[in-house]
Amino acid sequence: MINISEALDEADNTIYRAERRFYDGTIEFIATFGTEEKDLRLEFADLTELVPEQEVQEWALAKIKSGYFDVAKNGLEIFETCTFDLKGTVRPLYLAKALKSCNGTKGLPKLNKKKDGNGRFVYGLTL
């Protein structure tokens, strides 16, 4: 069984602790995680490898045309594929903007977004 406990830190941010409890009574720590600020800026080790926003947008459009989104994909899967294909540091914000812009307006293809059975957003052409 996996237990998730919730607490507040000194700054009143919610912190979660995940533990696995076994039938013999032993407990295994899994992870501690919490919320992030909405406008959190990621620091990159080498900004010279940062992929430009326009290139991320072009990548997303090319993937739609190639059939990549014929099967729904979650955000992490899309991000990992984008990072691998573009061979650089991709800001998640750039990818989020690229996916959001594919809403069927101005001649762009319509990329649908919905929650899957795990509560994660997935993106696909037919959902």
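Attention in this report is confined to the structure presented alongside it. (Residues numbered from 1 in each chain as written. Predicted model: local features only at pLDDT ≥ 70, side-chain atom pairs only at ≥ 80, totals over all residues. Heavy atoms only, no water.)

### Some thoughts on the nonpolar core
Then step 1. Grouped together as the largest cluster of nonpolar side chains are 19 residues, with contacts concentrated most on Val56, Phe69 and Ile78.
Then step 2. For this core, the secondary structure elements donating two or more residues are helix H1 (53-66), helix H2 (75-86) and helix H3 (92-101).
Then step 3. Among the elements that take part in this core, H1 stands out by supplying five residues, more than any other.
Then step 4. For Val56, the contacting residues outside a window of four places in its chain are Val51, Cys82, Leu86, Val90, Tyr94, Leu95 and Ala98. (Core = buried A, V, L, I, M, F, W, Y, C linked by side-chain atoms within 4.5 Å. Buried < 20%, exposed > 50% of the residue type's maximum accessible area, 1.4 Å probe, protein only. Helix = DSSP H or I, 4+ residues; strand = E, 2+ residues; numbered from the N terminus. Contact = heavy atoms within 4.5 Å.)

### Considering the sheet that holds strand E1 (residues 2-8)
Then step 1. Here three strands make up an open sheet; going across it, the order is E1-E2-E3 and the pairing antiparallel. A strand with exactly one partner marks an edge of an open sheet, and here the two such strands are E1 and strand E3 (27-34). Going across the sheet, the axis of each strand differs from the next one's by a mean of 20°, ignoring polarity.
Then step 2. Bridge count for E1 against strand E2 (residues 14-21) is seven bridges, and the pairing is antiparallel. Counterpart to Leu8 in the pairing with E2 is Thr14. (Pairing = 2+ DSSP bridges. Axes fitted to C-alpha atoms, helices over the stretch in contact; angles between N-to-C directions.)

### Things to note about H1
Then step 1. Its 14 residues give H1 an end-to-end C-alpha distance of 20 Å, which sits within 8% of 20 Å, the value for a rise of 1.5 Å per residue.
Then step 2. Among all positions of H1, only Val56, Gln57, Trp59, Ala60, Leu61, Lys63 and Ile64 are buried.
Then step 3. Looking at the buried side of H1, the elements it contacts are H2 and H3.
Then step 4. With its phi angle positive at about 95°, Gly67 sits one or two positions after the end of H1. (Expected span 1.5 Å × (residues − 1).)

By themselves, these observations are geometric and do not establish any function.
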